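Coordinates in review
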Amino acid sequence: MANQETEAFKTRVLFVLAHLEEGEITSYGELARQAGNARYARLVGQILKKLPSDTHLPWYRVVNSQHRISFIEGTDAYERQKVKLEQEGWIVVGQKLMQKEAH
DNA sequence: AACAAGGCGGGTC
DNA sequence: TGACCCGCCTTGT
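All figures in this text were calculated on a predicted structure; none of them were measured in a lab.

With that out of the way, let us pick up the protein's contact with DNA strand C. The local shell around DNA strand C holds nine residues, among which Thr6, Tyr40, Arg42, Leu43 and Gln46 are the closest. Of all DNA strand C atoms lying within 4 Å of any protein atom, the proportion belonging to sugar or phosphate reaches 74%. Tyr40 is positioned with one of its side-chain polar atoms (N or O) 3.2 Å from a phosphate oxygen of DNA strand C. In this structure, a base oxygen belonging to DNA strand C sits 3.3 Å away from a side-chain N or O atom of Gln46. Ranked by residue count, the leading element in the surface near DNA strand C is helix α3 (residues 41-49), at three residues.

Below, the structure is given as structure tokens:
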């Protein structure tokens, strides 16, 4: 993938991310797909990882395809994401994310 | 230059 | 359900 293309891809990823609404979640693969390259899920992870810690972007609305938080359970990052999601109506059952009201 | 590791995903057994 | 493997691309060493 050419450098220029990579940049464009990143830009689209951030754009899609910025437009996720409260309570909505997506996966790395899905985000990659929406940004135009379904097979760059890993790249999405790297992009999110590099976001500034004070970013306003909803990085926490991105989970993996099994609907699980990708950080290792118990780590700070994991807890931060969990808290954020819980504030938006999600709960962690077992390791899986589920909506609080629906069922 | 070579290799390992990553906030992954899909498929198989 | 869980443990693998394999493809993907970028980054770090």
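Following the structure, the description resumes.
Here chain A averages 90 in pLDDT, and 97% of its residues register 70 or above. The secondary-structure element of chain A with the lowest mean pLDDT is strand β4 (residues 96-99), recorded at 88, while strand β2 (residues 62-63) shows the highest, at 95.

A word on unusual backbone geometry. With phi around 60°, His67 is a residue other than glycine that occupies positive phi space. Within the secondary structure, His67 is located in the loop between β2 and α4 (76-87).

Enumeration according to the criterion identifies three salt bridges in this entry. For the salt bridge of Glu30 with Arg33, the shortest nitrogen-to-oxygen distance reads 2.4 Å. Here the residue Glu30 and the residue Arg33 both occupy positions in helix α2 (residues 28-34), the gap between them amounting to three residues, near one helical turn. According to the relative accessible area criterion, Glu30 is partly exposed, its value standing at 25%. Taking the shortest distance from any N to any O, the salt bridge between Glu88 and Arg61 comes out at 2.8 Å. Taken together, the residues span a long stretch of sequence, with Glu88 in the loop between α4 and β3 (90-93) and Arg61 in the loop between α3 and β2 at a distance of 27 residues. No difference in accessibility class separates Glu88 from Arg61, as the two residues are buried.

Procedures and definitions
Residues numbered from 1 in each chain as written. Chains lettered and ligands numbered in written order. Predicted model: local features only at pLDDT ≥ 70, side-chain atom pairs only at ≥ 80, totals over all residues. Heavy atoms only, no water. Near = heavy atom within 4 Å. Polar contact = N/O pair within 3.5 Å; in protein donor to acceptor, adjacent residues only side chain to side chain. Helix = DSSP H or I, 4+ residues; strand = E, 2+ residues; numbered from the N terminus. pLDDT = per-residue confidence, 0-100. Salt bridge = Lys/Arg side-chain N within 4 Å of Asp/Glu carboxyl O. Buried < 20%, exposed > 50% of the residue type's maximum accessible area, 1.4 Å probe, protein only.

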